[in-house]
Amino acid sequence: MKLGNSRVKTKTMVELNEDAISVARFYANSDYANLNCNRNSDNSNSTLEIALQGIIIMKTYNNLYKKIHSTENLILAFKKARKGKSKKDYVIDFESNLNKNLKLLQNELKNRIYKPHRLKKFIVRDPKSRIIHASIFRDRIVHHAIINILKPILEKRFIYDSFASRKNKGTHEAIKRFEYFLRKVSSNGRKVKKPFNNNSIRGFVLKADIKHYFATMNHKILISILSKNIKDEDFINLIKVILDNFDTKIKGQGVPLGNYTSQFFANVYLNRLDYFIKHRLKAKYYIRYVDDFVILNKDKKVLEEYLTKIIKYLKNLRLGLHPDKSEIYPLRNGITFLGYRIFYHYKLLRKRNINYFLNKLKKNIRLYREGKIEKEKLESFLQGWVGYSKFANTYNFRKKIIDSIQKELIVA
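These lines cover the structure that appears in this document, whether it is placed above or below. (Residues numbered from 1 in each chain as written. Predicted model: local features only at pLDDT ≥ 70, side-chain atom pairs only at ≥ 80, totals over all residues. Heavy atoms only, no water.)

### With respect to the pairing of strand S10 (residues 285-289)
No. 1: The buried count for S10 comes to 5 of 5 residues, which makes it a mostly enclosed element.
No. 2: The side-chain alternation of S10 yields two buried faces, one formed by Tyr285, Ile287 and Tyr289 and the other by Tyr286 and Arg288.
No. 3: With 5 bridges joining them, S10 and strand S11 (residues 292-297) adopt antiparallel strand pairing. Residue pairing across strands places Arg288 opposite Phe293, the latter belonging to S11.
No. 4: From the end of S10 to the start of S11, which pair antiparallel, there are 2 residues, and Val290 there has a positive phi angle of about 55 degrees. (Buried < 20%, exposed > 50% of the residue type's maximum accessible area, 1.4 Å probe, protein only. Helix = DSSP H or I, 4+ residues; strand = E, 2+ residues; numbered from the N terminus. Pairing = 2+ DSSP bridges.)

### As for helix H2 (residues 71-82)
It helps to recall that an α-helix has 3.6 residues per turn; residues three or four apart then point in one direction.
No. 1: In this model H2 runs 16 Å from its N-terminal to its C-terminal C-alpha over 12 residues, within 8% of the 16 Å that 1.5 Å per residue would give.
No. 2: Those residues of H2 not exposed but buried are Asn73, Leu74, Ala77, Phe78 and Ala81. Axial view of H2: buried residues confined to an arc of 140 degrees, hence all on one face.
No. 3: Phi for Gly84, located one or two positions after H2, is positive at around 80 degrees. (Expected span 1.5 Å × (residues − 1). Arc of directions from axis to C-beta.)

### Quick look at the pairing of S11
No. 1: The element S11 is extensively covered by neighbouring structure, given that 5 of its 6 residues are classed as buried.
No. 2: The pairing of strand S9 (residues 204-209) with S11 spans 6 bridges and is antiparallel. Among the inter-strand pairings, Val205 is bridged to a residue of S11, identified as Leu296.

### Brief notes about empty space enclosed by the protein
No. 1: Going through the model one piece at a time under the given rule, you end up with 2 cavities of 30 Å³ or more.
No. 2: In this model, the second largest cavity occupies a volume close to 30 Å³.
No. 3: As for the second largest cavity, its lining consists of Pro116, Leu119, Ser135, Asp139, His143, Ile242, Asn245 and Asn259.
No. 4: Of the residues contributing to the lining of the second largest cavity, the split by class is 3 nonpolar, 4 polar and 1 charged. (1 Å grid on protein atoms, 1.4 Å probe; cavity = no way out; pocket = protein on both sides within 12 Å on 5 of 7 lines; lining within 4 Å. Points joined across faces, edges and corners; volume = space filled by probe spheres on them. Nonpolar A, V, L, I, M, F, W, Y, C, P; charged D, E, K, R; others polar.)

### Some words on unusual backbone geometry
No. 1: In this structure, Ser165 is a non-glycine residue whose phi angle is positive, near 55 degrees.
No. 2: One can find Ser165 in the loop between helix H5 (137-154) and helix H6 (171-185).
No. 3: Located in the positive-phi region is Arg318, a residue other than glycine, with phi close to 60 degrees.
No. 4: Residue position: Arg318 is located in the loop between helix H11 (300-314) and strand S12 (327-330).
No. 5: Residue class for Arg318 comes out exposed when judged on its relative accessible area of 57%.

### Things to note about the sheet that holds strand S14 (residues 340-342)
Where strands meet in a sheet, backbone hydrogen bonds hold them as pairs that are either parallel or antiparallel.
No. 1: Taken in spatial order, the 3 strands line up as S13-S14-S15 in an open sheet, and their pairing is antiparallel. Here the strands that pair on one side only, and so sit at the sheet edges, are strand S13 (335-337) and strand S15 (347-349). With strand direction ignored, the average angle separating the axes of adjacent strands in the sheet is 30 degrees.
No. 2: As judged from the 3 bridges shared by S13 and S14, these two strands associate in the antiparallel manner. Pairing of Ile335 across the sheet is with Ile342, part of S14.
No. 3: Where H6 meets the sheet, it contacts S13, S14 and S15, and its direction lies at approximately 10 degrees from that of S14. (Axes fitted to C-alpha atoms, helices over the stretch in contact; angles between N-to-C directions. Contact = heavy atoms within 4.5 Å.)

### Side note on the packing of H2 against H5
No. 1: Where H2 meets H5, the axes come as close as 8 Å, and the angle between the chain directions of the two elements is 115 degrees. As H2 packs across H5, the resulting crossing turns out to be right-handed. Counted together, Asn73, Leu74, Leu76, Ala77, Phe78, Lys80, Ala81 and Arg82 of H2 and Phe137, Arg140, Ile141, His144, Ala145, Asn148 and Ile149 of H5 form the full contact between these two elements.
No. 2: When its residues are assigned to classes, the contact of H2 with H5 shows 9 nonpolar, 3 polar and 3 charged. (Left-handed = near helix turned anticlockwise from the far one by under 90°.)

### Focus on the side chain of Arg166
No. 1: Relative to the elements of secondary structure, Arg166 occurs in the loop between H5 and H6.
No. 2: On the accessibility criterion, Arg166 (11% relative accessible area) is buried.
No. 3: If near-sequence neighbours (up to four positions away) are discounted, Arg166 is found in contact with Glu155, Phe158, Ile159, Tyr160 and Asn267.

### A closer look at the packing of aromatic side chains
No. 1: The full count for this structure, using the stated rule, is 18 aromatic pairs.
No. 2: Through a chain of ring-to-ring contacts, the aromatic side chains of Phe78, Tyr90, Phe94 and Phe137 assemble into a single cluster.
No. 3: Positioned above the aromatic ring of Tyr160 is the side chain of Lys169, whose terminal nitrogen or guanidinium carbon lies 3.6 Å from the ring centre.
No. 4: Above the ring of Phe163, the side-chain terminus of Lys169 is found at 4.8 Å from the ring centroid. (Phe/Tyr/Trp six-rings, centres within 6.5 Å; stacked < 30°, edge-to-face > 60°. Lys NZ or Arg CZ within 6 Å of the ring centre and 35° of its normal.)

### Points about a positive patch on the surface
No. 1: A cluster of basic residues, Lys85, Lys88, Lys360, Lys363 and Lys377, forms a positive patch on the protein surface.
No. 2: Relative to the assigned elements, Lys88 resides in the loop between H2 and helix H3 (89-96). (Patch = residues over 30% accessible without salt bridge, like charges linked within 9 Å, V, L, I, M, F, W, Y side chains within 5 Å. Areas by Shrake-Rupley, 256 points an atom, 1.4 Å probe, with all protein chains shown as cover. Salt bridge = Lys/Arg side-chain N within 4 Å of Asp/Glu carboxyl O. Lys, Arg positive; Asp, Glu negative; His and termini not counted. Charge placed at Lys NZ, Arg CZ, Asp CG, Glu CD.)

### Some words on the sheet that holds S12
No. 1: Spatially, 4 strands are ordered S10-S11-S9-S12 in an open sheet, and the strand pairing comes out antiparallel. If you trace the sheet from one side to the other, it starts and ends with S10 and S12, each paired once. Neighbour to neighbour, the strand axes of the sheet diverge by 20 degrees on average, direction disregarded.
No. 2: Helix-sheet contacts for H6 involve S9, S10 and S11, and the interaxial angle to S10 is about 165 degrees.
No. 3: Each of S10 and S11 is contacted by helix H10 (residues 260-280), which is oriented at about 170 degrees to S10, the strand it contacts most.

Remember that the coordinates give geometry; whether it matters functionally is a separate question.
Next up, the structure:
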């Protein structure tokens, strides 16, 4: 089959998709195709992913379950679960008899009798309050073992501009991409007719938030999405066991904030929305980070049409937009996205994040003076904040904070 100067190579079966959104692996011999691809930022790679209306070309996978409980995979999963937590008591305890503990876990998985423990519930304020449900360490190993197998299969289907919980992505890369789109949409900073200041550029942005996303993710829909590629019943049943372990108000709905599997499933679930926006709406300047997304366009009316269609489409996923956090803004006003207030010529930190940092800094300094935390912990906290703040235009503010802390440490 030929498409322009390109050849479409189909490797596997073709089947109809209920959303009529699909993907075909495609070998492009020239840039004339100019198609909206998945894993390439500039549409110029020789291997692209494109959308075809009405069909889906996909590869299915069987006999995956034995890979989950293989010794090699469980050891790798253990190492990943241990990363950054090697000094925790529960990790030391598990590792003190590693072979026996992994063998026990392996036998439970192999014999299909594995049952996860009850999740531990606690609240984190960072700065927004969130209810976290944490799994015990051995269950986290199982989560990593599952994602070790799933990620190579499903990651390649994610669009380029999905930035959460992915290698070489993250908030800073998402902000860089936003700034790139900002320049594109505004024609490199072209100003409105009566500019108020140097940031009064043309264009608009639809900023939206999925309402209670993790709490409303539908298990049946998630399993349906996974089952299109994963044809191993034991594998799917294990995922069901993990999903059912979360005690929710509505049965069959919601995944716990805190589970590694939840982060990955969040991307899998909304990948359908990504395809709808990129390939059905043909929105060129779209970025998603978990349940937050933005679409930039020169025309406000186009974004209004997008918003209406997105709200309608999300009903298929049993989701909705947050009414107070989903609006269209002029780019000249700046946009709050992923912890930053972004204007054309500069970025600022959110006031809420600054206040949270200052309050936590005072607390940590007090704890240090009282001898309740080590100097290294205070410095680690500061380094983490510097990494976040230096991405914005905060040189003077950072210098002031660092100087004041150095004085505190000298006095102490």
